[in-house]
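# Survey of secondary and tertiary structure
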Amino acid sequence: MENTKHHRLTSFAETASEAPLQEPDRQYYFIEKAKDIFAEKCKEADKTLTFCVTTFGCQMNARDSEKLVGILEQIGYVEEPDEEKADFVIYNTCTVRENANLRVYGRLGQLGRIKKKNPHMMIALCGCMMQEPEVVEKLKKSYRFVDLIFGTHNIYKFAELLTNSMQSDRMVIDIWKDTDKIVEDLPVERKYSFKSGVNIMFGCNNFCSYCIVPYVRGRERSRDPKAIVREIERLVADGVVEIMLLGQNVNSYGKDLHMEGGFAGLLEETAKIGIERIRFTTSHPWDFTDEMIDVIARYENIMPFIHLPVQSGDSDILKIMGRRYTREQYLTLFHKIKERIPHCAISTDIIVGFPNETEEQFQNTLSLVDECRFDNAFTFIYSPREGTPA
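Thresholds applied
- Residues numbered from 1 in each chain as written.
- Predicted model: local features only at pLDDT ≥ 70, side-chain atom pairs only at ≥ 80, totals over all residues.
- Heavy atoms only, no water.
- Helix = DSSP H or I, 4+ residues; strand = E, 2+ residues; numbered from the N terminus.
- Buried < 20%, exposed > 50% of the residue type's maximum accessible area, 1.4 Å probe, protein only.
- Right-handed = clockwise from strand over helix to strand, strands pointing away.
- Pairing = 2+ DSSP bridges.
- Axes fitted to C-alpha atoms, helices over the stretch in contact; angles between N-to-C directions.
- Contact = heavy atoms within 4.5 Å.
- Salt bridge = Lys/Arg side-chain N within 4 Å of Asp/Glu carboxyl O.
- Polar contact = N/O pair within 3.5 Å; in protein donor to acceptor, adjacent residues only side chain to side chain.
- Phe/Tyr/Trp six-rings, centres within 6.5 Å; stacked < 30°, edge-to-face > 60°.
- Lys NZ or Arg CZ within 6 Å of the ring centre and 35° of its normal.
- Expected span 1.5 Å × (residues − 1).
- Arc of directions from axis to C-beta.

Residue E23 is joined to P24 through a cis peptide bond whose omega torsion reads 5°. Position of P24 among the secondary structure elements: in the loop between α1 (2–18) and α2 (25–45). Located in the positive-phi region is H258, a residue other than glycine, with phi close to 55°. As for its placement among the helices and strands, H258 is situated in the loop between β10 (242–246) and α9 (262–273). Residue R373 is not a glycine yet carries a positive backbone phi of 50°.

Right, here's the structure in full:
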């Protein structure tokens, strides 16, 4: 067995040394290598191997999962919606709330039992939860049957990591603390034919005191606007009528590129492409500009819907949350949007039970909700996340 392991690991090392250094050419090289290994595995199993990607969390994760699916289908895997029947199961994880982590551990336990009966089965874990060192340590100790673990920063390397894992009898782990790299033009398989998410940026610089996202997604990195426009034009040509521009805080788009116009400029540029419906998420109230309101009001194909998380209706709680606006500033922005775009729907996020929140402060949140009459609200009990100030 030891000789087999050594041989397989050596063969991957040789393959990696031959691969192009430039991206995305390197990943397309590994897709072709993975095709050959996949064909051998199908021959051994006497069937075409299947996959199931399960997504936890936000629309950013959903878009990442579409990239994983695109690569798997290019390699030759066939999708199987039932993870208990699939030969390759991938969990794209979320760690915003503790409950998301617990769900993953629970489902992993079930998969471990299934894997014992299926010698061809592989299990991979990726996404935000994998960026927490204590999670990876727990997986190494208690879930040794997992084949591949990677994080949010190197998802573009999936073909390379999968090739390594297919040739290895050991758990392959590749977690990056951070990155400034954005790799364009990799395969992607959309879940819906008529609509698509479009990542415009990655990471977050806001560091709200309750939020783990900046620690697991890294610092803000904006995509080149030309690459975004090119992607949207391709989607339009492919029959897509609705896009969702995605970022942890889209309002920050372009700041790291020192762009004039920022997100308002990108939104206008997108509207001019001629796509039928444009949406975006998420917007932080702190840097929602008048220019953004003007652009949304000006173009009919920008949907009059804004997700504007308030989190609390009390200024003192907002301060210790690190939200950088007061109750009064939020209400001023809310009413400004409603005056400029009267038919605009506004949704929000609210955290209840933040550390030290009093009954009076909670009532302030309720009175803000009464005043705003949100069209939709995602309400959560505060979830302690290790590594955050709260």
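With five of six residues buried, strand β1 (residues 50–55) lies mostly within the body of the structure. One crossover worth recording links β1 to the parallel strand β2 (residues 78–79) by way of helix α3 (residues 59–75), and it is right-handed. The sheet contact formed by β1 and strand β3 (residues 88–93) spans five bridges and is parallel. Counterpart to F51 in the pairing with β3 is F88.

Quick look at the sheet that holds strand β7 (residues 195–199) now. If you walk across this open sheet you meet the three strands as β7-β10-β11, and the pairing is parallel. For this open sheet the edge positions go to β7 and β11 (277–281), each flanked by a neighbour on one side alone. Adjacent strand axes in the sheet meet at a mean angle of 25°, parallel and antiparallel pairs treated alike. Across five bridges, the pairing between β10 and β11 is parallel. Bridge assignment links L246 to a residue of β11, and that residue is T281. Each of β7 and β10 is contacted by helix α8 (residues 225–237), which is oriented at about 170° to β7, the strand it contacts most.

Turning next to the pattern of salt bridges. Counted by the stated rule, this structure contains 25 salt bridges. Close ionic contact of R373 with D370 constitutes a salt bridge, the shortest N to O distance being 4.0 Å. For R373, a relative accessible area of 61% puts it in the exposed group. Here the salt bridges do not stand alone but share partners, grouping R63, E66, E184, R223 and E231 into one network.

Within the secondary structure layout, R217 lies in helix α7 (residues 213–217). Judged by relative accessible area, which is 4%, R217 ranks as buried. A polar contact of 2.5 Å, which involves the side chain of R217, links it to the side chain of N61. Side-chain polar atoms of R217 contact the side chain of D64, separated by 3.4 Å. For R217, the residues in contact, after removing those within four places along its chain, are M60, N61, D64, C128, T152, H153, G203 and Q248.

Considering all chains together, one arrives at 17 aromatic pairs under this definition. Measuring from centroid to centroid gives 6.3 Å for Y210 and F354, while their planes differ by 85°, and the two rings are edge-to-face. Here the residue Y210 occupies a position in the loop between β8 (201–202) and α7, and F354 occupies one in the loop between β13 (345–352) and α13 (359–372), the gap between them amounting to 144 residues. Residue classification places Y210 among the buried residues on the basis of a relative accessible area of 10%. Here a set of aromatic residues connected by ring pairs shows up, and it is made of Y325, Y330, F334 and F374. We note R324 situated over the ring of W286; from NZ or CZ to the ring centre the distance is 3.6 Å.

Every α-helical turn comprises 3.6 residues, leaving residues that sit three or four positions apart pointing alike. Given a rise of 1.5 Å per residue, 21 residues ought to cover 30 Å, and the 30 Å separating the end C-alpha atoms of α2 matches this to within 8%. Restricting attention to buried positions, one finds in α2 the residues R26, Q27, Y29, F30, I31, A34, I37, F38, C42 and A45. Count one or two residues on from α2 and you reach D46, which has phi positive near 60°.

Next up on the list: helix α12 (residues 327–340). For α12, which comprises 14 residues, the first-to-last C-alpha distance of 20 Å matches the rise-based estimate of 20 Å (1.5 Å per residue) to within 8%. Of the residues making up α12, those classed as buried are R327, Y330, L331, L333, F334 and I337. When α12 is viewed along its axis, its buried side chains cluster within an angular range of 160° and face the same direction. The inward-facing, buried residues of α12 abut α10 (290–298), β12 (305–307), α11 (315–321), β13 and α13.

Let's shift gears to the sheet that holds strand β14 (residues 376–381). Read across the open sheet, the three strands follow the order β12-β13-β14; overall the sheet is parallel. Each of the sheet's edge strands pairs with one partner strand only, and the pair in question is β12 and β14. Neighbour-to-neighbour, the strand axes of this sheet turn through a mean angle of 10°, independent of strand direction. In this structure, β13 lies alongside β14, joined through six bridges in parallel fashion. Looking at β14, one finds that S347 is bridged to N376.

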